[in-house]
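An overview of the molecular structure
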Amino acid sequence: MQPNGSEEPPQSERQGPSFSISSSLPSASRVRRFVRERRALPLPRVMVVFSGDTENPGDAMSSSDSAQDDFRKPSTPNRILGKVLQRSTLNSPQEFPEVIPLNVGGTYFTTRLSTLRRYEDTMLAAMFSGRHYIPRDAEGRFFIDRDGAYFGDILNFLREGELPHRDRVRAVYREAQYYAIGPLLDNLEDIQPLTGEKVRQSFLDLLPYYKDNLKSIVEIAKLRAMQRKARFAKLKICVYKEEMPITPYERPLFNSLRFERTESEAKLFEHHCDVDVSFGPWEAVADVYDLLHCIVGDLAELGISAEQQCIGVCDKHLINHYYCKRPIYEFKITWW
């Protein structure tokens, strides 16, 4: 009974939905700790649950739990299904037709799938195994971003083991290295000019500094020509296979042409000839003229014209009546 005498209507006769608020606010002690540690206060989480019937308070709580469960559930199962299908599509192996149209750097080829897969351990077999994605051009051809000038030679070998003409061997060898075609590499190394290159390289391996010296010749000649504003440059290069008798009187002191001096005696004869670059000594049948041929030929491969002639010996005085007799060659490097 209310003080004014009016009777409060029963709860069941109230109109309109009721609601409850569930809030999780930080306690005073937590607030003080956050302030002391200069940390930002967490935002309170408030959940409002509407209910049309409030006779059973537990219904409101169950509605709150249901709403929270619904909130945690994914919005739609179709989204997850779509992702699963998309992932399986990306991971599925790519299928190829029996006849493969190719675009290799703008040059078109057509071959069978089995030709590209002839050798398993090659790059082409891996590309067309279905495990990798291969882009297509506007016409639907499979695109390989590589110069196609010698790709026909690669296909001819894969089809029937045909080897290229001699003047194309070096270039095809580089392409075979790129595509990792081992059988083709082995066959090319057994024919000229690669066979001769292997023999020559076995000799040059005795001079581990050969490439560095070759680079020094080019750099010195270029700098000297630019400084003098000249069309060519001249360099002095010492090329000797072994230490020859320094004087005619020295020969009887040794039992053979290959002199075996003690360590102290060897230091007396150590010196550097007054030249730009020096090659030697080495132990092989190949002589000085063979090495000169290699130097001139390798410079020509770089597009550099070189001429050489012997201009004498070092003739540097070492000790007493001993003089250096290493041959000195003048190289003329012409730039234009």
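Residues numbered from 1 in each chain as written. Predicted model: local features only at pLDDT ≥ 70, side-chain atom pairs only at ≥ 80, totals over all residues. Heavy atoms only, no water.

Right, let's talk about the packing of aromatic side chains for a bit. Overall, the coordinates contain 10 aromatic pairs when judged by the stated rule. Judged by centre distance (6.3 Å) and plane angle (45°), the ring pair of Tyr209 and Phe279 falls under tilted. With Tyr209 in the loop between helix H9 (194-204) and helix H10 (210-228) and Phe279 in strand E7 (residues 277-279), the pair connects residues that are 70 residues apart, well separated along the chain. On the accessibility criterion, Tyr209 (24% relative accessible area) is partly exposed. Members of the aromatic cluster, joined through ring pairs, are Phe109, Phe151, Tyr178 and Tyr179. Arg141 extends its terminal NZ or CZ atom over the ring of Tyr108, reaching a point 3.8 Å from the ring centre. Directly above the aromatic system of Tyr178 lies the positively charged group of Arg146, at a separation of 3.9 Å from the ring centroid. (Phe/Tyr/Trp six-rings, centres within 6.5 Å; stacked < 30°, edge-to-face > 60°. Helix = DSSP H or I, 4+ residues; strand = E, 2+ residues; numbered from the N terminus. Buried < 20%, exposed > 50% of the residue type's maximum accessible area, 1.4 Å probe, protein only. Lys NZ or Arg CZ within 6 Å of the ring centre and 35° of its normal.)

Structurally, Leu188 is set in helix H8 (residues 182-189). Residue Leu188 is classed as buried on the basis of its relative accessible area of 0%.

With respect to the helices and strands, the residue Ser216 is situated in helix H10. Distance from Ser216 to Val277, taken between C-alpha atoms, is 7.5 Å for residues 61 residues apart in sequence.

With that out of the way, let us pick up the confidence of the model for the chain. Per-residue confidence for the chain averages 78 on the pLDDT scale, and 64% of its residues sit at or above 70. Of the regions scoring below 50 in pLDDT, residues 1-6 engages in two contacts with residues more than four places distant in sequence or in other chains. In the predicted structure, residues 50-55 sits below a pLDDT of 50 and forms eight contacts with residues beyond four places in sequence or in another chain. (pLDDT = per-residue confidence, 0-100. Contact = heavy atoms within 4.5 Å.)

As a further point, take the sheet that holds strand E8 (residues 305-313). Read across the sheet, four strands follow the order E7-E6-E11-E8 without closing on themselves; strand pairing throughout is mixed. Each having just a single partner strand, E7 and E8 make up the two edges of the open sheet. Neighbour to neighbour, the strand axes of the sheet diverge by 30° on average, direction disregarded. Packing against the sheet, H10 makes contact with strand E6 (232-239), E7 and strand E11 (327-334), and its axis sits at approximately 150° to E6. (Pairing = 2+ DSSP bridges. Axes fitted to C-alpha atoms, helices over the stretch in contact; angles between N-to-C directions.)

Before going further, it helps to spend a moment on the packing of H9 against helix H12 (residues 288-301). The N-to-C vectors of H9 and H12 enclose an angle of 115°; their axes lie 11 Å apart at closest approach. Judged by the angle between their axes, H9 and H12 are roughly perpendicular. In terms of crossing hand, the pair formed by H9 and H12 is left-handed. Across from Arg200, Phe203 and Leu204 in H9, the residues of H12 making contact are Leu291, Cys294 and Asp298. Each residue belonging to the contact of H9 with H12 can be placed in one class, and the counts come to four nonpolar, no polar and two charged. (Parallel < 35°, antiparallel > 145°, perpendicular 65-115°, else oblique. Left-handed = near helix turned anticlockwise from the far one by under 90°. Nonpolar A, V, L, I, M, F, W, Y, C, P; charged D, E, K, R; others polar.)

In this chain, Gln192 is followed by Pro193 through a cis amide linkage whose omega measures 5°. Along the chain, the position of Pro193 falls in the loop between H8 and H9. In this chain, Gly280 is followed by Pro281 through a cis amide linkage whose omega measures 0°. Locating Pro281 in the fold gives a position in the loop between E7 and H12. Unlike most non-glycine residues, Ala180 shows phi in positive territory, near 55°. Considering the arrangement of structural elements, one finds Ala180 in the loop between helix H7 (169-178) and H8. For Asp315, which is not glycine, the phi torsion reads 60° and is therefore positive. With respect to the secondary-structure elements, Asp315 resides in the loop between E8 and strand E9 (317-319).

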